[in-house]
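The residues making up each chain are set out below.
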Amino acid sequence: MWTLKQTSHQLLQLEKKAYRATLPAPLDGMWDTALIPQANHWAILATDETVGYFCINDDRLLLQFYITADYLKWGQPIMAQIVAEGMAIGAFVNTHESTYLSLCIDHQKSVAIHSYLFQDFGPSQLAGQSIPDAHLTLATTPELEAIITFVYQQTEGDKQWLRTYLDDLIHKQQLYLLKLNDAIIGTGEWRLSPTQPPYVDVGMIVDRNHRNQGWATFILTQLKQVCYQQNLRPICSTNVDNIASRKAIEKAGFVTNNRLLHILFV
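All values derive from a computational prediction rather than experimental measurement.

## Some thoughts on the environment of Phe-265
Link 1 in the chain: Relative to the elements of secondary structure, Phe-265 occurs in the segment after strand S12 (255-264).
Link 2 in the chain: Sequence separation of Phe-265 and Gly-86 is 179 residues, and the distance between their C-alpha atoms is 9.6 Å.
Link 3 in the chain: Contact partners of Phe-265, with chain neighbours within four places excluded, come to Leu-62, Val-83, Ala-88, Ile-89, Gly-90, Ala-91, Cys-104, His-107, Gln-108 and Lys-109.

Have a look at this one:
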């Protein structure tokens, strides 16, 4: 019989590494390195041996579930226990997380696509796009205030968080600026995954007044070149309702074979 014991993200690193090794595609970087570590974690124990784990956020949504092959028979009853006891009222799950997805589907009352997950499969997919008078350059520390202002105007994010986040990207040389006539009209970033090398998450922001003009695709195409020059593999994602972003990503050569699903059990 199993035992469920609350634990921490830090104490499950071996199990998380083993879980990632079972997946046919990488996890979204923001979920893997930011949202999931902040969730509440439980170890699945067979006597004193950890044979799996799951994590649930403060909204009572499962974010991950894993159990080793030798104990897969416990998967269904453990998931049933989680749902029956009200520990989780739903889940976020990638379509490529096959065991986890199957267990969630057994209890679903509704399923919706939350976001599209994209991969790229080599330099041959590069669009080779070139736009006169446009150039992508590495951001520098003296430009930080202007970048914060630009990003805040486009996203209305928390300025203090933006300062810390953008300053870190600048120091790591992972933030690029798209300028037109010396004015910032876009940013592009890439973040090396600490848990899934050689994958890097890429992203872009384009000024509202310059959207639907090909700039987002241009930025992503240039970021892909940066990645492949360093033998890195770019991935990205977008919410299901961001149709313009999805089109730009696909035009840049990315392919979506996976989805992040939002499943409700009640």
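## Looking at the pattern of salt bridges
Link 1 in the chain: A complete count under the given rule lists seven salt bridges for this structure.
Link 2 in the chain: Note that Arg-191 and Glu-189 form a salt bridge whose closest N and O atoms lie 2.3 Å from each other.
Link 3 in the chain: On the accessibility criterion, Glu-189 (11% relative accessible area) is buried.

## Thoughts on the environment of Arg-20
Link 1 in the chain: Within the secondary structure, Arg-20 sits in helix H1 (residues 13-21).
Link 2 in the chain: Residue class for Arg-20 comes out buried when judged on its relative accessible area of 16%.
Link 3 in the chain: With 175 residues separating them in the primary sequence, Arg-20 and Thr-195 have C-alpha atoms 8.7 Å apart.
Link 4 in the chain: Once you skip the residues sitting within four places of it in the chain, Arg-20 turns out to touch Leu-27, Asp-32, Thr-195 and Gln-196.
Link 5 in the chain: At a separation of 3.4 Å, a polar atom in the side chain of Arg-20 contacts the side chain of Asp-32.

## A few points about the packing of helix H5 (residues 144-155) against helix H6 (residues 159-171)
Link 1 in the chain: It is at 10 Å that the axes of H5 and H6 come closest, and there the two elements cross at 125 degrees. Accordingly, the angle class assigned to the pair H5 and H6 is oblique. In terms of crossing hand, the pair formed by H5 and H6 is right-handed. Contacts between H5 and H6 involve Leu-144, Glu-145, Ile-147, Ile-148, Val-151 and Tyr-152 from the former and Lys-159, Leu-162, Arg-163, Leu-166, Asp-167 and Ile-170 from the latter.
Link 2 in the chain: Its residues placed into classes, the contact of H5 with H6 shows eight nonpolar, no polar and four charged.

## Quick notes on helix H7 (residues 215-229)
Link 1 in the chain: Over its 15 residues, H7 extends 21 Å from the first C-alpha to the last, a length consistent with the 21 Å expected when each residue adds 1.5 Å.
Link 2 in the chain: Taking burial as the measure, the 15 residues of H7 include 13 buried ones, the bulk of the element.
Link 3 in the chain: Two residues or fewer after H7 comes Asn-231, characterised by a positive phi angle close to 60 degrees.

## Here's the deal with the pairing of strand S6 (residues 110-119)
Link 1 in the chain: Across nine bridges, the pairing between S6 and S12 is antiparallel. What sits directly across from Val-111, in S12, is Ile-263.
Link 2 in the chain: Bridge analysis of S6 against strand S11 (residues 233-239) gives five bridges, and the strand direction is antiparallel. Across the sheet, residue Tyr-116 finds its bridge partner in S11, namely Thr-238.

## Focus: the state of the cysteines
Formally, a disulfide is one covalent bond, and it connects the sulfur atom of one cysteine to the sulfur atom of another.
Link 1 in the chain: Evaluation of the coordinates by the stated rule reveals zero disulfides.
Link 2 in the chain: Cys-227 forms no disulfide, and the closest cysteine sulfur to it belongs to Cys-236, at a distance of 10 Å.
Link 3 in the chain: Assessed through its relative accessible area of 6%, Cys-236 is described here as buried.

## Focus on unusual backbone geometry
Link 1 in the chain: Cis geometry marks the peptide bond from Pro-197 to Pro-198; its omega dihedral reads 10 degrees.
Link 2 in the chain: By the element assignment, Pro-198 lies in the loop between strand S9 (183-192) and strand S10 (199-206).
Link 3 in the chain: Positive phi is not limited to glycine here, since Thr-47 has a value of about 60 degrees.
Link 4 in the chain: Secondary-structure assignment places Thr-47 in the loop between strand S2 (40-46) and strand S3 (49-56).
Link 5 in the chain: The backbone of Gln-173 sits at a positive phi, close to 55 degrees, despite the residue not being glycine.
Link 6 in the chain: Among the structural elements, Gln-173 can be located in the loop between H6 and strand S8 (175-180).

## Some words on helix H4 (residues 98-105)
Link 1 in the chain: Buried within H4 we find Tyr-100, Leu-101, Leu-103 and Cys-104. The arc that holds the buried residues of H4, viewed along the axis, is 165 degrees, so those residues lie on one side.
Link 2 in the chain: Buried residues along H4 sit against H1, strand S4 (61-67), helix H3 (75-84), strand S5 (90-94) and S12.

## Some details on the side chain of Lys-224
Link 1 in the chain: Among the structural elements, Lys-224 can be located in helix H7.
Link 2 in the chain: At a separation of 2.8 Å, a polar atom in the side chain of Lys-224 contacts the side chain of Asp-120.

What counts as what
Counting starts from 1 at the beginning of each chain's written sequence and moves along it residue by residue. In keeping with the predicted nature of the model, local features appear solely for residues at pLDDT of at least 70, side-chain atom pairs appear and are counted solely at 80 or more, and the whole-chain, interface and lining totals rest on all residues. Side-chain descriptors were evaluated using all non-hydrogen atoms of the structure, hydrogens and water having been removed beforehand. Helix and strand assignments follow DSSP, with helices taken as H or I runs no shorter than four residues and strands as E runs no shorter than two, numbered in order from the N terminus. Contacts were defined at the residue level, with two residues in contact if any of their heavy atoms lie within 4.5 Å. Here, a salt bridge means any Lys or Arg side-chain nitrogen found within 4 Å of an Asp or Glu carboxyl oxygen. Using a 1.4 Å probe on the protein chains alone, a residue whose accessible area is under 20% of its type maximum counts as buried, one over 50% counts as exposed, and one in between counts as partly exposed. Each polar contact in these results corresponds to two N or O atoms within 3.5 Å; when the atoms are within protein, one needs to be able to donate a hydrogen and the other to accept it, and residues that are neighboring in sequence are counted only if both atoms are side-chain atoms. All axes here are fitted lines through C-alpha atoms, helices being fitted over the stretch that makes contact, and every angle between N-to-C directions spans 0 to 180 degrees. Put simply, angles under 35 degrees are roughly parallel, angles over 145 are roughly antiparallel, angles from 65 to 115 are roughly perpendicular, and the rest are oblique. Left-handed is the label given to a crossing in which the near helix is rotated counterclockwise from the far helix by less than a right angle, and right-handed is the label when the rotation is clockwise. Think of it as three bins: nonpolar holds Ala, Val, Leu, Ile, Met, Phe, Trp, Tyr, Cys and Pro, charged holds Asp, Glu, Lys and Arg, and polar takes everything else, Gly as well. A helix's residues, less one, multiplied by 1.5 Å, set its expected span. A pair of strands is considered paired only if DSSP assigns at least 2 bridges between the two. Criterion for a disulfide: a pair of cysteine sulfur atoms at a distance within 2.5 Å. Each C-beta atom gives one direction from the helix axis, and the arc is the one those directions make.

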